[in-house]
Structures are given as C-alpha cells and as structure tokens.
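Results of the structural survey
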Amino acid sequence: FLTSMRVLTSTGLSLPTLLFLTAQSTFAVSSSPPLSSSLLKPPRNVASVNEVRSSKVPAALGLESTVSRLSEINRGGSTAMTQESAALSAPVKLLIGAGGIYGAFLYYGSLQEDVFRYTSVDGTQFKQAWLLQVLEALANVLIGFAGMQLTGATPNIPKRMFAISGAAQVSAKACTSLALANGLSFPVATLAKSGKMAPVMLGSLLLGGASYSIREYLQVAAIIGGTAIVSMGKKKGGSSNSVMGVAYIVLSLVLDGVTAGFQKRLKAETAKAGVKPKPYDFMFWTNLYMCLTAVVISVALNEVGTGLAFCSANPEILSKIIKFAVCSAVGQSFIFYTIANFDPLVLSTVTTTRKIFSVLLSILMKGHSLSLTGWSGIALACSGILSEMAAKMGGKAKAH
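Heads up: these notes are all about the structure in this document. Because the structure is a prediction, the values reported are computed rather than measured.

Okay, the nonpolar core next. Core analysis: the biggest nonpolar cluster contains 46 residues, and I101, F116, F126, L191, I317, I321 and I378 have the highest contact counts within it. Take this core: its biggest share by element is 10 residues, from helix α6 (residues 90-117). When sequence neighbours within four positions are dropped, the list of residues in contact with I321 reads V115, F126, L132, L135 and C311. Within the second largest apolar cluster, 17 residues are counted, among which are V141, M161, F162 and L266.

Written out as structure tokens, the structure is:
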C-alpha cells in the first residue's frame, strides 16, 4: 500500500484521488470505469515549475504547494509531472468524487447498522455510541491532518467557533447512533435525518421571521409523513421502533439545526478575521473538537472501559467499527474534493441520492420486512427528498 501511494504521489494527484485509486475495491467502486492510462503515463518532457503552476490543479484544495514540492523532486532527476497528467477532465473528477462518496458512505451506513444490530453470544449488544464517535472522529482527524500536510495549513484560524460547532455536530451524530442502539431501524433513521430542514424552518419561523413557499412545506411534510408511515408499516415479526429511538432521532434533528447556525457563525468569524480555511483545515479542526468532546462524554459515561471490553470479547464487531471509522474519513475527504471541483449543487445531488440508495440497500440486504403501507411511506419520503433536490436545481438554473 505504501509503495503504491509513493508511486501515485509522484503523479501529482490529490489525496482523495490517491485514496480512490488505492482503496476503490475496498469501498465497492471497483466497477467504475478506470482512469485513462494516459493520465499516469511518464511524460515525454520535463515540465518547468511555471508549466506545473499553470496546470488546472484544484486551487480550493491548495495543491500548488504540493506541485511545487513535486517539481523540486523532478529537478533532482525524478520523472516530471506534465500539464496533461496534472489536469483531470471534469467527468473523471466527478467519477472520483461521486464514486468515492457513494462507495464510502454506502458501506459506512451498512457498517453502522451492523454495529448496532450485532448481538454477542451472551445476548448483549454494543451501546457505547459516544465511544464510536471518538473512534470515527479520530480517523477523520488523521486524514484531515494528512490533507493539511499535503495542502498546507492555514495560520491564525479562530478556534472558538470550531470547538462549539464540533461539539454540536458530534452530539447530533451520537444521538443518531443512540437512536439505532435503542431500536430505531436504519431506514427510518436515515429518512428522518433527510428531514433536517424541518427544525431549521421551525427555528427560522419562530426566531427569524422567515417565510417559506407552499412547496417547501409540502416537501418537509412528505419526508416526515413518509418516515412516520415507514415506522408504522412493518410487517408482523419485523423489529419495532422504540420510543427512545424516536426521541433520540428527533433530538439529533434539533442538534442539526443548532449545528447549522454555529457553522454560519464560524464562516462569519473566519471572514471577519480575514482568514480563509482550506477544506482540510475544516476537516481537521472540526473533527479534533468533535473527538475531544466525545472523549470527555464517553469517559464521564464510563463507555471507554465497557466498550473496549465488549470489542475485546467480540473481535468481529471491532473490525466493523474500524472499517466504519475509515469509511467516514475517506468519505469526508471525497466530499471536500467534490466541493473543491464542483458547484455545491453537485454535492447536494450526490449526497441526497446516496441517502435514498442507503435506505433501499438496507431494506433489501438487512432483512427489513415492509408491508405495502411501508413501501408507500418510502415512496412518499423519497418524493419529498427528490423534490427538494429538484427545487435547488431549479433555483440554480434561474440564477444563471
């Protein structure tokens, strides 16, 4: 693996691209068309530093510093990177970004469900949601740190809002895990999380005096109503959704709305300080404070000792948790890659459709039994999700 990374690094590709090429079989993207061999061919001529800097390297990822380092190596006798190998076409970039997001997060969702459905020989289950957040955030910190070393860290970043935003975000994620740990099915939890616009709308209506169109109300109603129908549309013998599970997912949605507000303030503070953090700065600092928050809470709840003891007694679940954390970190890296190279609408489309596929994959592969009523709820919720996506696309078209 390390040898492959060193060879690929000499081509000047970004961190998500390297992860895509070296881990695509692990994250179920091996069926995607391979990159053109011309992108990895040894160049005919040694490129100058000016030629490298003029190539279409994604500026938002800050790869110019990486290219400079590579050009210094090239002057020492190594193979140079040409414009042709440095610049990837838009379809290839989309394939890398979308393929990485789909592969990482579809597997991520499957593993998350497996972790909380796992039952040991003595009948106990993994309930340590905060410990899971510690491990997930730690994996993201490591990938974020590696990305910062490649792209260059941004100095003088205000840390206070990173800490607040990170604490709110990890709390929302922990509540989702606690909902699953308390019996809420994965399809219901995923559909419910797609309705995070509801608490945002409610807060804006009560506190900000905002107004929304009838279509926006109908979209949220379709997602919430469809989710409720799915939760009640289980066939006899299917697992039931507990009251505590529903309570945790509602709390997670509320915390999503709070997190969104803190993230807006974070952007305002960085702009006021005259600082423009790069994607991997956001990834590293946010997840660092997420990890610290989760560590404090997991220690306070005595989840560290009990969780590690459960994993030690059940090595099978430990491997799932490690894969889950790695998928989260790799998926976030591909998200930042997509943000750097495409309009936010492209990312929204990819992540929205990914959620729908996650729900369908869970139903088909994890043995969830739905009645006709349940399937009608799936259709209603998905129509609300797709309508929201279509509205964004329509708004973007009008803006142009």
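The next point concerns the environment of L292. Mapping L292 onto the fold places it in helix α13 (residues 279-300). The partly exposed category is assigned to L292, whose relative accessible area is 45%. Residues L292 and L138 lie 154 residues apart in sequence; the distance between their C-alpha atoms is 9.2 Å.

Even without being a glycine, N156 presents a positive backbone phi close to 60°. With a phi angle near 60°, N302 is a residue other than glycine that sits in the positive phi range. By the element assignment, N302 lies in the loop between α13 and α14 (303-313). N302 gets classed as exposed once you look at its relative accessible area, which sits at 51%.

For helix α12 (residues 243-272), spanning 30 residues, the distance from its first C-alpha to its last is 44 Å, which sits close to the expected 44 Å at 1.5 Å a residue. Restricting attention to buried positions, one finds in α12 the residues G245, I249, S252, L253, L255, D256, G257, T259, L266 and T270. Positioned one or two residues after α12, G274 has a phi angle of 70°, which is positive.

What follows covers the environment of K267. As for its placement among the helices and strands, K267 is situated in helix α12. For the pair K267 and M161, spaced 106 residues apart in sequence, the C-alpha separation works out to 9.0 Å.

Turning our eyes to something else, we now look at the packing of aromatic side chains. Enumeration according to the criterion identifies 11 aromatic pairs in this entry. Taken together, the aromatic side chains of F116, Y118, F126 and F310 make up a single cluster linked through ring pairs. Note that K159 overlies the ring of W285, its terminal NZ or CZ placed 4.5 Å from the centroid.

What counts and what doesn't
- Residues numbered from 1 in each chain as written.
- Predicted model: local features only at pLDDT ≥ 70, side-chain atom pairs only at ≥ 80, totals over all residues.
- Heavy atoms only, no water.
- Core = buried A, V, L, I, M, F, W, Y, C linked by side-chain atoms within 4.5 Å.
- Buried < 20%, exposed > 50% of the residue type's maximum accessible area, 1.4 Å probe, protein only.
- Helix = DSSP H or I, 4+ residues; strand = E, 2+ residues; numbered from the N terminus.
- Contact = heavy atoms within 4.5 Å.
- Expected span 1.5 Å × (residues − 1).
- Phe/Tyr/Trp six-rings, centres within 6.5 Å; stacked < 30°, edge-to-face > 60°.
- Lys NZ or Arg CZ within 6 Å of the ring centre and 35° of its normal.

Geometric descriptors of this kind do not, in isolation, establish any biological role.
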